[in-house]
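Tertiary structure, described
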Amino acid sequence: MSIEIVGHAVVSADGRIADHLRQMPAALRNDKDWVRFQAALDRAQLVVLGRLGHEAHPNPGRRRLVVTSRVERFEPIDDLVTLWNPAGMDFRDVAAELGVTDGVVAVVGGQQVFDDFLRRFTRFDLVTVDGALLPDGVPCFSTGWPDEVLAQAGLRVVERDVLDPGVRLDVWR
């Protein structure tokens, strides 16, 4: 298989992807990042996300693999949505079952999904909003600060871009 697995996260200055209610606050939203992110999802063969994210934003039109413990292994819902339990089936087997053998798989979170894919990422697009703080929020990774976790996984920053004042994109490979 020649699949590129790309993580996408926008985090607060303290490394959080959501507030204490597990919602993405307005402080993390940026128009330039949104356009970049949507274009990346449009190019992906498959989008992987958690059940809560899928339920909040069903996003018809994109092929989705929804990570959940509510199924034993793998359960197609329709032509575009499949439920998958990583404890019951390896990702490589799921990708093969879905016919995804090359191209980009976009992994968009939440935290457990990022944790599950950490050793599989070939790229991770990390957008940081410097002015936002979410001290009681949900960390991007359960094991630590995003920069440290990605570096420990063998990735390094290969590109930096300022999307807007106080909003930067670090591309990790």
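Notes on the structure follow. Only a predicted model underlies this, so the values are computations on that prediction, with no experimental measurement involved.

1. Digging into the overall build of the chain
Scanning the chain from terminus to terminus reveals five helices and eleven strands. Taken over the C-alpha trace, the chain has a radius of gyration of 15 Å; the compact-globule value for 173 residues is 16 Å, and the two agree within 12%. Seen through its principal axes, the chain has C-alpha atoms that stretch 40 × 35 × 30 Å. Looking at the 173 residues of the chain, the share that counts as buried comes to 47%.

2. Digging into the sheet that holds strand 5 (residues 74-76)
Read from one edge of the open sheet, nine strands run 5-6-4-3-7-1-8-11-10, paired in mixed fashion. Each edge of the open sheet is held by one strand with a lone partner, namely strand 5 and strand 10 (157-164). Direction aside, the axes of adjacent strands within the sheet are offset by 20° on average.

3. Considerations on the pairing of strand 1 (residues 2-12)
Most of strand 1 is tucked away: nine of the eleven residues are buried. Alignment of strand 1 against strand 7 (residues 102-107), held across six bridges, turns out to be parallel. Bridge assignment links S2 to a residue of strand 7, and that residue is D102. Here strand 1 runs beside strand 8 (residues 123-129); their pairing, made up of seven bridges, is parallel. What sits directly across from G7, in strand 8, is F124.

4. A word on the packing of aromatic side chains
Under the definition given, this model contains nine aromatic pairs. With centroids separated by 5.9 Å and ring planes inclined at 50°, the aromatic side chains of W34 and F37 adopt a geometry described as tilted. In this pair, W34 and F37 both sit in helix 1 (residues 31-43), three residues apart, roughly one turn of the helix. Residue classification places W34 among the exposed residues on the basis of a relative accessible area of 52%. Its relative accessible area of 16% is what places F37 among the buried residues. Taking 5.4 Å as the distance between ring centres and 65° as the angle between the ring planes, the aromatic pair formed by F114 and F124 counts as edge-to-face. With a gap of ten residues between them, F114 in helix 4 (residues 111-117) and F124 in strand 8 connect regions that are remote in the sequence.

5. Some thoughts on the side chain of Q111
By the element assignment, Q111 lies in helix 4. The class for Q111 is buried, based on a relative accessible area of 18%. Within the structure, the side chain of Q111 is placed 3.0 Å from the backbone oxygen of P139, a separation counted as a polar contact. Excluding residues that lie within four positions of it along the chain, Q111 makes contacts with I17, V138, P139, C140, F141 and S142.

Criteria and cut-off values
- Residues numbered from 1 in each chain as written.
- Predicted model: local features only at pLDDT ≥ 70, side-chain atom pairs only at ≥ 80, totals over all residues.
- Heavy atoms only, no water.
- Helix = DSSP H or I, 4+ residues; strand = E, 2+ residues; numbered from the N terminus.
- Rg over C-alpha atoms; globule rule 2.2 N^0.38 Å.
- Buried < 20%, exposed > 50% of the residue type's maximum accessible area, 1.4 Å probe, protein only.
- Pairing = 2+ DSSP bridges.
- Axes fitted to C-alpha atoms, helices over the stretch in contact; angles between N-to-C directions.
- Phe/Tyr/Trp six-rings, centres within 6.5 Å; stacked < 30°, edge-to-face > 60°.
- Polar contact = N/O pair within 3.5 Å; in protein donor to acceptor, adjacent residues only side chain to side chain.
- Contact = heavy atoms within 4.5 Å.

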